[in-house]
Amino acid sequence: MSNGTTRRHTALPKARILIEALPWLTRHRGKTVVIKFGGNAMVDEDLKAAFAQDVVFLHHAGLKPVVVHGGGPQISAALDRHGIVSEFRAGLRVTTEDAMDVVRMVLAGQVQRELVGLLNRHGPLAVGLTGEDAHTMTAVKHRPEIDGEPVDIGRVGEITEIDTGAIEALLADGRIPVVSSIARSQDDGHVYNVNADTAAAALAAALGAETLMVLTDVEGLYEDWPHSDEVISRLTASQLEKLLPELSSGMVPKMEGCLHAVRNGVHTARVIDGRVQHSILLEIFTDEGIGTMVVPDDSEQTEQTDQSAQGES
């Protein structure tokens, strides 16, 4: 076989893959996508690099990605080094004043910096900020209920307000904002640790994002876990709300975030498997949508479009 023929045979599948992405490129161009970065994708070097490539690809494809991150494993490791015990109540980290200093240092000074560095290997794109910057996120003390009683878990915040000004200015300037999930306090001059799933959802709603994507360490929302590993590929906000009480504690903030997003103007919210390299591109640009997609109840049009986008007939 001549060299030319060999080249044609290897190049054609690549062309087909690019063409398959065309309807999605057209549909998503200019749209804001909020991506919650977490789970294994956050600690595995290859997955981290693939994540950065995906986000930069979205940027160059004309989308406006905004990355929100927490840093559970990194925070736990740093607290250990400082001799501070990690305690969780109601699925949330108990955050003393001392622990909050460490949380802030790890999120803004380590995790965010690394992510900004990975993205900026591809050009002068990423700018890091925390929810404290330009009043991006404001919070009050969150008191979860355990057995019907509110409990004090320290400097854990509940978002009361989002100011998207700084993020919108960065997007208008062609940058990729990378946001650490720390909020300024509404009432006492301190800062709060905020669940990153919740922060990403609140930000997606405030930005009027097209899509919220939450990277996690499972394939999606399972139909009947642990009896079945069938993933629910698509469900409406009301269907999700009915399922919430049955979910494992780790999935609750993710799925509550998806619910909040689609009930507040975001067109689709998706939980996708961050252990799969390039899962973001697979989800946005191919017929084989992966993970679980949540859509609003009241939009027939959205549902039909998204069914076809998931490759369903």
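A word on the environment of Thr-286. If you trace the backbone, Thr-286 turns up in the loop between α10 (279–285) and β15 (292–295). You can call Thr-286 buried: its relative accessible area is 15%. Placed 264 residues apart in sequence, Thr-286 and Leu-22 show a C-alpha to C-alpha distance of 9.3 Å.

Here the focus is helix α4 (residues 72–81). Gln-74, Ile-75, Ala-78 and Leu-79 are the residues of α4 that are buried. Around the axis of α4, the buried residues are gathered within 135° of arc, so they sit on the same side. Buried residues along α4 sit against β4 (92–93) and α5 (97–119).

Bringing the environment of Thr-164 into the picture now. Within the fold, Thr-164 resides in the loop between β9 (157–162) and α6 (165–172). Each C-alpha atom of the pair Thr-164 and Leu-281 lies 26 Å from the other, and the pair is 117 residues apart in sequence. Apart from the residues lying within four places of it in its own chain, the contact partners of Thr-164 are Ala-206 and Leu-207.

Attention now goes to the side chain of Asn-193. Along the chain, the position of Asn-193 falls in strand β11 (residues 191–193). Side-chain polar atoms of Asn-193 contact the side chain of Thr-95, separated by 3.5 Å. Discounting chain neighbours no more than four positions away, the residues touching Asn-193 are Arg-93, Thr-95, Met-100, Val-103, Arg-155, Val-156, Gly-157 and Ser-181.

Overall, the coordinates contain 2 aromatic pairs when judged by the stated rule. Seen in terms of ring centroids, Phe-57 and Phe-285 are 5.7 Å apart; in terms of plane orientation they differ by 65°. Their pairing is edge-to-face. Of the two residues, Phe-57 is situated in helix α3 (residues 45–60) and Phe-285 in helix α10; the sequence distance between them amounts to 228 residues. Relative accessible area serves as the criterion here: at 39%, Phe-57 is assigned to the partly exposed category. Above the face of the Tyr-192 ring, Arg-155 is positioned so that its terminal group lies 4.3 Å from the ring centre.

Turning to helix α7 (residues 196–207), a few remarks are in order. Between its terminal C-alpha atoms α7 stretches 16 Å, which fits the 16 Å expected from 12 residues at 1.5 Å a residue. The first or second residue beyond α7 is Gly-208, which carries a positive phi of 60°.

Looking at chain direction, strand β6 (residues 137–141) and β9 are connected through 5 bridges and run antiparallel. If you follow Thr-138 over to β9, its bridge partner there is Glu-161. Taken together, the 2 bridges between β6 and strand β10 (residues 176–185) define a ladder with parallel strand orientation. For Thr-138, the partnering residue across the bridge sits in β10 and is Arg-184.

This paragraph deals with the packing of α3 against α5. Direction vectors running N to C along α3 and α5 enclose 60°, while the axes themselves pass 9 Å from each other. Taken together, the axes of α3 and α5 lie oblique to each other. Relative to α5, α3 is oriented so that their crossing is right-handed. Here α3 contributes Glu-45, Lys-48, Phe-51, Ala-52, Val-55 and Val-56 to the contact with α5, which in turn contributes Glu-114, Leu-115, Leu-118 and Leu-119. Residues that form the contact of α3 with α5 fall into these classes: 7 nonpolar, no polar and 3 charged.

Another point: a negative patch on the surface. Judged by side-chain charge, Glu-219, Glu-223, Asp-229 and Glu-230 come together as a negatively charged surface patch. Take Glu-219: it is sitting in the loop between β12 (211–216) and β13 (234–236). For Glu-219, a relative accessible area of 38% gives the class partly exposed.

So, on to the packing of α4 against α5. Relative to each other, α4 and α5 sit at 130°, their axes nearing to 9 Å. Here α4 is positioned oblique relative to α5, judged by the angle of their axes. For α4 against α5, the interelement crossing comes out right-handed. Contacts between α4 and α5 involve Gln-74, Ile-75, Ala-78 and Leu-79 from the former and Ala-99, Val-102, Val-103, Val-106, Leu-107, Gln-110 and Val-111 from the latter. Its residues assigned to classes, the contact of α4 with α5 shows 9 nonpolar, 2 polar and no charged.

What follows deals with the confidence of the model for the chain. The predicted coordinates ought not to be read in detail in places where the model reports low pLDDT. Taken residue by residue, the chain gives an average pLDDT of 89. The fraction at 70 or more is 90%. The low-confidence segment residues 300–313, where pLDDT is below 50, has 28 contacts with residues more than four positions distant or belonging to other chains.

Moving on to the pairing of β10. Burial within β10 is extensive, with 9 of its 10 residues counted as buried. By the bridge criterion, 3 bridges tie strand β2 (residues 64–69) to β10 in an arrangement that is parallel. Along β10, the bridge assignment pairs Val-68 with Val-179. In this sheet, β10 lies alongside strand β5 (residues 126–131) in parallel orientation, the contact comprising 6 bridges. Its bridge partner lying in β10, Gly-131 is registered against Ala-183. As defined by bridge partners, β10 adjoins β11 across 3 bridges and the pair is classed as antiparallel.

Quick notes on the rules
Residues numbered from 1 in each chain as written. Predicted model: local features only at pLDDT ≥ 70, side-chain atom pairs only at ≥ 80, totals over all residues. Heavy atoms only, no water. Helix = DSSP H or I, 4+ residues; strand = E, 2+ residues; numbered from the N terminus. Buried < 20%, exposed > 50% of the residue type's maximum accessible area, 1.4 Å probe, protein only. Arc of directions from axis to C-beta. Contact = heavy atoms within 4.5 Å. Polar contact = N/O pair within 3.5 Å; in protein donor to acceptor, adjacent residues only side chain to side chain. Phe/Tyr/Trp six-rings, centres within 6.5 Å; stacked < 30°, edge-to-face > 60°. Lys NZ or Arg CZ within 6 Å of the ring centre and 35° of its normal. Expected span 1.5 Å × (residues − 1). Pairing = 2+ DSSP bridges. Axes fitted to C-alpha atoms, helices over the stretch in contact; angles between N-to-C directions. Parallel < 35°, antiparallel > 145°, perpendicular 65-115°, else oblique. Left-handed = near helix turned anticlockwise from the far one by under 90°. Nonpolar A, V, L, I, M, F, W, Y, C, P; charged D, E, K, R; others polar. Patch = residues over 30% accessible without salt bridge, like charges linked within 9 Å, V, L, I, M, F, W, Y side chains within 5 Å. Areas by Shrake-Rupley, 256 points an atom, 1.4 Å probe, with all protein chains shown as cover. Salt bridge = Lys/Arg side-chain N within 4 Å of Asp/Glu carboxyl O. Lys, Arg positive; Asp, Glu negative; His and termini not counted. Charge placed at Lys NZ, Arg CZ, Asp CG, Glu CD. pLDDT = per-residue confidence, 0-100.

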